Amino acid sequence: MSETYIVLLGPPGAGKGTQAAGLARSLGLPHVASGDLFREALAKGTELGMKAKAYMERGELVPDDVTVAMMLERLAKPDCAGGAILDGFPRSQGQARALDEALGARGGGVSRVLYLRVAEEELLARLGGRWICRDCQAPYHVRNQPPRVAGRCDRCGGALYQRADDSVDTARERLRVDFRETARLIEYYSVAGKLAEVDGEGRIEDVAEALVAAVGA
Ligand code: AMP
């Protein structure tokens, strides 16, 4: 198969963004993150950004038609001709079907769907300890990735803060909502025989290796 479209699924706190970027480097494919594309459109004030703004501010999903159009436009760019690592998309069965149709029309399809599995208690510990740089948004963690100087960003010296939705109660609710959504995708791709589960609890490098192995499995 000449194209490799990989979908990465995983709850908040599973390290999906980091792993998607690493997997993209390992496989020489672009890392296409729907959240990043929306944030970029918002920052540039494009029509797409305007459409997505209110939903993003409320923390809700942007409607499927807007999201699908944005992603298919991105995937039609030449750098994605050989495939891509999809991060944050699809987020609904409607999006998954639209992706299948678009890739199918080109004679291809999603190659593999990797689900990063991390136990709820571990996710709560990770989400609860997360700090973010106010200036450059670099993420830190009290246990897994502490800054060299407490409260200060290693990269830019900016002040670190904790997002309100990184408290344990909010995190628990966030996980519940997220899992309801992801469960439908897990079902969809497992029926299609494309799903592989990868243990997301080891060291970053070990998880990365397991993901690469699961792509070929
Ligand atoms: P993320 O960085 O993945 O958390 O995405 C940030 C925001 O972008 C989300 O809260 C949604 O409002 C929007 N978004 C990202 N991906 C999708 C998607 N696949 N479907 C709908 N909305 C999305």
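Use the structure listed above.
Parameters at a glance
- Residues numbered from 1 in each chain as written.
- Predicted model: local features only at pLDDT ≥ 70, side-chain atom pairs only at ≥ 80, totals over all residues.
- Heavy atoms only, no water.
- Pairing = 2+ DSSP bridges.
- Helix = DSSP H or I, 4+ residues; strand = E, 2+ residues; numbered from the N terminus.
- Buried < 20%, exposed > 50% of the residue type's maximum accessible area, 1.4 Å probe, protein only.
- Polar contact = N/O pair within 3.5 Å; in protein donor to acceptor, adjacent residues only side chain to side chain.
- Contact = heavy atoms within 4.5 Å.
- Phe/Tyr/Trp six-rings, centres within 6.5 Å; stacked < 30°, edge-to-face > 60°.
- Lys NZ or Arg CZ within 6 Å of the ring centre and 35° of its normal.
- Core = buried A, V, L, I, M, F, W, Y, C linked by side-chain atoms within 4.5 Å.
- Near = heavy atom within 4 Å.
- Areas by Shrake-Rupley, 256 points an atom, 1.4 Å probe, with all protein chains shown as cover.
- Nonpolar A, V, L, I, M, F, W, Y, C, P; charged D, E, K, R; others polar.

J.: Looking at this structure, I do not really get the sheet that holds strand β7 (residues 160–161). What am I missing?
T.: Where strands meet in a sheet, backbone hydrogen bonds hold them as pairs that are either parallel or antiparallel. Pairing is antiparallel across the open sheet formed by three strands, whose spatial order is β6-β5-β7. The open sheet has two edge strands, β6 (139–141) and β7, and neither has a second partner. Sheet analysis places strand β5 (residues 130–133) next to β6, joined by three bridges and oriented antiparallel. Looking across to β6, one finds that W131 is bridged to Y140.

J.: Before we go on, may I ask you to explain the side chain of S34 in this structure?
T.: By the element assignment, S34 lies in helix α2 (residues 34–44). Owing to a relative accessible area of 4%, S34 belongs among the buried residues under this scheme. Of note is the side chain of S34, whose polar atom sits 2.9 Å from the backbone oxygen of G88. Discounting chain neighbours no more than four positions away, the residues touching S34 are M70, M71, D87, G88, F89 and R91.

J.: Help me understand the packing of aromatic side chains, please; the structure alone is not making it clear to me.
T.: Where two aromatic rings form a pair, the distance of their centres and the angle of their planes describe that pair. Evaluation of the coordinates by the stated rule reveals one aromatic pair. Residues Y188 and Y189 carry aromatic rings whose centres are separated by 5.1 Å and whose planes lie at 90 degrees to one another, so their mutual orientation is edge-to-face. The two residues Y188 and Y189 agree in class, both being buried. The ring of Y55 carries R58 above its face, with NZ or CZ at 5.4 Å from the centroid.

J.: Got a minute to help me understand the nonpolar core in this structure?
T.: The tendency in soluble globular proteins is for nonpolar side chains to be buried side by side. Within the largest apolar cluster, 28 residues are counted, with the highest numbers of intra-cluster contacts made by V7, V32, L75, L86, L99 and Y189. Among the secondary structure elements, those contributing two or more residues to this core are β1 (4–9), α2, α4 (64–75), β3 (83–87), α5 (93–105), β4 (110–117) and α7 (168–191).

J.: Would you explain the site of the ligand in this entry?
T.: With respect to spatial proximity, 13 residues lie near the ligand, and among them S34, R39, E60, G88 and Q95 are the closest. Within the side chain of S34, one N or O atom sits 2.7 Å away from a nitrogen atom of the ligand. For the ligand, the accessible surface in isolation is 480 Å², of which the surrounding protein chains cover 82%. Residue contributions to the shell around the ligand peak at four residues, all from α2. By residue class, the composition of the shell around the ligand is five nonpolar, five polar and three charged.

Functional significance is not addressed by these values, which are geometric in nature.
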